[in-house]
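# Commentary on secondary and tertiary structure
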Amino acid sequence: MDGQKWSFGFISLAFLFITCSSAELLIQQVIGGRGTEFNSSYSLEANLGVTRVLRDERPSSKIVTIAGYSVIKGRGEPYESSVFEAAGYKWRLVLYVTGNKNDGGNGYISLYVRMEETQLLPYGWEVNVDLKLFVHNPKQHKYLAVTDGLVKRFDAAKKEWGFGQLIALSTFENTNEGYIVQDTCSFGAEILIVKPAEQQEKVTFISNPPNNVFTWKILRFSTLEDKFYYSDDFLVGDRYWRLGFNPKGDGGGRPHALPIFLFAQGFRPNAVATNTWGAVNLRLKNQRSSNHRQIYSAAWYPIRSGYGVGVNNIILLADLKDTSKGYLVNDAIIFEAEMVKISVTNIVPV
């Protein structure tokens with residue numbers, strides 16, 4: 001057959017396996033004033049306080065290198081960098097090598113980002129920033145990234161954000177740690193503008209949607225070949241569907257049973273193409289009574305066309321060909337699909 005299909009008896013289970021691969025990172029977390037180090041590829045502490053993660057990549061917005069740290073060691077006044085542009089705005093790094101005493105920085109390096117040239121911005125401006133600040137570790141060829149996981153709101157009332165306790169001086173000035181090499185050290189910043197989404201993708205489940213019953217009558221059943229036959233496409237919700245079967249059987253039901261599958265096809269024009277939930281009652285109609293053969297199927301159908309879900313045995317071929325049972329009448333059978341629940345996806349304002 002052309003499409004991919006899944007068949008089931010009473011229960012159909014699907015499993016999704018996700019594998020992740022990332023370089024192992026060294027994380028230093030400060031808790032209660034004590035520094036602990038451990039290896040991890042993911043930090044759950046981002047929302048619990050400041051995290052410090054060593055990474056390979058340089059900061060993307062600004063790097064300041066001090067060649068001659070010993071000259072300014074112990075000085076209380078801050079060093080202010082040149083103005084730089086990042087994410088469409090102007091900024092400046094502000095570095096306290098003995099810590100900002102007004103921000104709990106005693107015994108630490110303090111580092112901040114200050115927004116500049118704000119007089120050019122419209123009245124009532126505000127800029128939300130995902131901010132990371134950095135200390136270079138040349139010994140390990142890595143950068144210590146410091147963040148607290150919170151979005152920083154820069155506005156007229158607060159133009160400067162950063163960390164009073166970026167890194168302990170006892171760690172930073174310890175030559176074994178590797179932050180100062182040949183009297184040189186570097187600091188950096190990474191500024192990512194957080195612009196709230198204005199639209200969202202909304203998935204809605206609709207029970208008994210309009211035009212949800214499709215009937216397919218197959219004539220001259222006894223003359224059909226050993227291959228898959230497909231109905232015309234029918235539209236329910238935002239997607240086209242079709243029925244399909246092989247009169248000689250399929251999968252585990254072959255050659256003793258009749259299969260039936262529902263296939264997802266393309267989307268109507270201008271529809272949002274995503275996975276589609278389809279729950280359906282598939283029936284082989286009894287043409288002499290209400291004793292129909294029916295199975296219920298529910299699955300996520302992928303975006304691609306030709307994916308089918310159904311059953312390999314809706315009726316034994318021996319029972320089908322027993323004309324007294326009423327399923328095969330005048331060499332014709334009737335399939336019916338009742339779409340009892342589907343999903344529709346739309347892009348809407350948040």
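Small disclaimer: the values here were computed from a predicted structure and weren't measured. (Residues numbered from 1 in each chain as written. Predicted model: local features only at pLDDT ≥ 70, side-chain atom pairs only at ≥ 80, totals over all residues. Heavy atoms only, no water.)

## Notes on the overall build of the protein chain
The condition is simple: By definition, any uninterrupted DSSP run of H or I lasting at least four residues is a helix, any uninterrupted run of E lasting at least two residues is a strand, and each is numbered from the N terminus. Exposed residues in this analysis have more than 50% of their type's maximum accessible area, buried residues have under 20%, and partly exposed residues fall in between, with area computed by a 1.4 Å probe over protein chains only. Whether two residues are in contact is decided by their heavy atoms: any pair within 4.5 Å suffices. Computed by Shrake-Rupley with a 1.4 Å probe, the accessible areas treat only the displayed protein chains as cover when residues are assessed.
The secondary structure content of the protein chain amounts to three helices and 24 strands. With 350 residues in all, the protein chain has 45% of them scored as buried. Taking as baseline every contact in the protein chain between residues at least 6 positions apart, the subset at least 24 positions apart corresponds to 67%. Summing over all exposed atoms, the protein chain offers an accessible surface of approximately 19300 Å²; the carbon and sulfur share of this is 50%.

## Focus on the environment of Asn246
Our working rule: Contacts described as polar in this section are N or O atom pairs within 3.5 Å, which, within protein, must combine one atom able to donate a hydrogen with one able to accept it, while residues neighboring in sequence count only if both atoms come from side chains.
Within the secondary structure, Asn246 sits in the loop between strand S19 (239-245) and strand S20 (257-267). Considered as a pair, Asn246 and Phe261 are 15 residues apart in the sequence and their alpha carbons are 9.6 Å apart. At a separation of 3.5 Å, a polar atom in the side chain of Asn246 contacts the main-chain amide nitrogen of Lys227.

## With respect to the pairing of strand S5 (residues 62-67)
For a regular strand, side-chain orientation follows a simple rule: the groups alternate between the two sheet faces. Stated formally: Strands qualify as paired when DSSP identifies two bridges or more between them.
Where burial is concerned, the two faces of S5 differ: the one with Lys62, Val64 and Ile66 is buried and the one with Ile63, Thr65 and Ala67 is not. Where S5 and strand S14 (residues 184-193) come together, six bridges link them in antiparallel fashion. When the bridges of S14 are listed, Ile63 appears paired with Gly188.

## Brief notes about the pattern of salt bridges
Operational definition: Salt bridge, as applied in this entry: a Lys or Arg side-chain nitrogen positioned within 4 Å of an Asp or Glu carboxyl oxygen.
This model, assessed by the stated rule, comprises 17 salt bridges. Put simply, Arg75 and Glu77 hold a salt bridge, and the shortest N to O gap is 2.8 Å. Arg114 is the salt-bridge partner of Glu160, the closest N and O atoms lying 3.1 Å from each other. Separated by 46 residues along the polypeptide, Glu160 in strand S13 (residues 160-168) and Arg114 in strand S9 (residues 108-116) bring together distant segments of the chain. When salt bridges with common partners are traced through the structure, they connect Glu80, Arg92, Arg114, Glu116 and Glu160 into a single cluster.

## Structural notes on unusual backbone geometry
A negative phi holds for most residues other than glycine; trans holds for most peptide bonds. Cis geometry marks the peptide bond from Arg254 to Pro255; its omega dihedral reads 0°. Among the structural elements, Pro255 can be located in the loop between S19 and S20. Unusually for a residue other than glycine, Asp183 sits at a positive phi of about 65°. For Asn330, which is not glycine, the phi dihedral falls at a positive 55°. Turning to its location among the elements, Asn330 is positioned in the loop between helix H3 (317-321) and strand S24 (333-349). When its relative accessible area of 76% is taken as the criterion, Asn330 is described as exposed.

## Remarks on the packing of aromatic side chains
The line we're drawing: In summary, the pairing rule links any two rings of Phe, Tyr or Trp, Trp by its six-membered ring, whose centres are within 6.5 Å, and it sorts them by plane angle into stacked for under 30 degrees, edge-to-face for over 60 and tilted for everything else. In this scheme, the term charge over a ring applies when either NZ of a lysine or CZ of an arginine sits within 6 Å of the ring centre and within 35 degrees of the ring normal.
A complete count under the given rule lists 19 aromatic pairs for this structure. Ring geometry for Phe228 versus Phe261: centroids 6.1 Å apart, planes at 45°, classification tilted. Of the two residues, Phe228 is situated in the loop between strand S16 (213-218) and strand S17 (229-230) and Phe261 in strand S20; the sequence distance between them amounts to 33 residues. Residue classification places Phe261 among the buried positions, given a relative accessible area of 0%. Between the aromatic rings of Phe261 and Phe263, the centroid separation amounts to 6.2 Å while the plane-to-plane angle is 50°, which identifies the pairing as tilted. An aromatic cluster is built from Tyr69, Phe172, Tyr179 and Phe187, whose rings are joined through pairwise contacts. Of note, Lys158 hangs over the ring of Trp161, and the distance from its end group to the ring centre comes to 4.4 Å.

## A word on the nonpolar core
Our working rule: To define a nonpolar core, start from buried Ala, Val, Leu, Ile, Met, Phe, Trp, Tyr and Cys residues and group those joined through side-chain atoms within 4.5 Å.
Core analysis: the largest hydrophobic core is formed by 36 residues, its most contacted members being Phe245, Leu258, Leu320, Ile333 and Phe335. For this core, the element with the highest residue contribution is S24, accounting for six residues. With residues up to four places along the chain from it excluded, the contact list for Phe335 reads Phe214, Thr215, Trp216, Ile218, Leu243, Phe245, Leu258, Pro259, Ile260, Arg283 and Leu284. Counting 34 residues, the second largest nonpolar core, distinct from the first, contains Trp125, Val129, Phe187 and Ile191.

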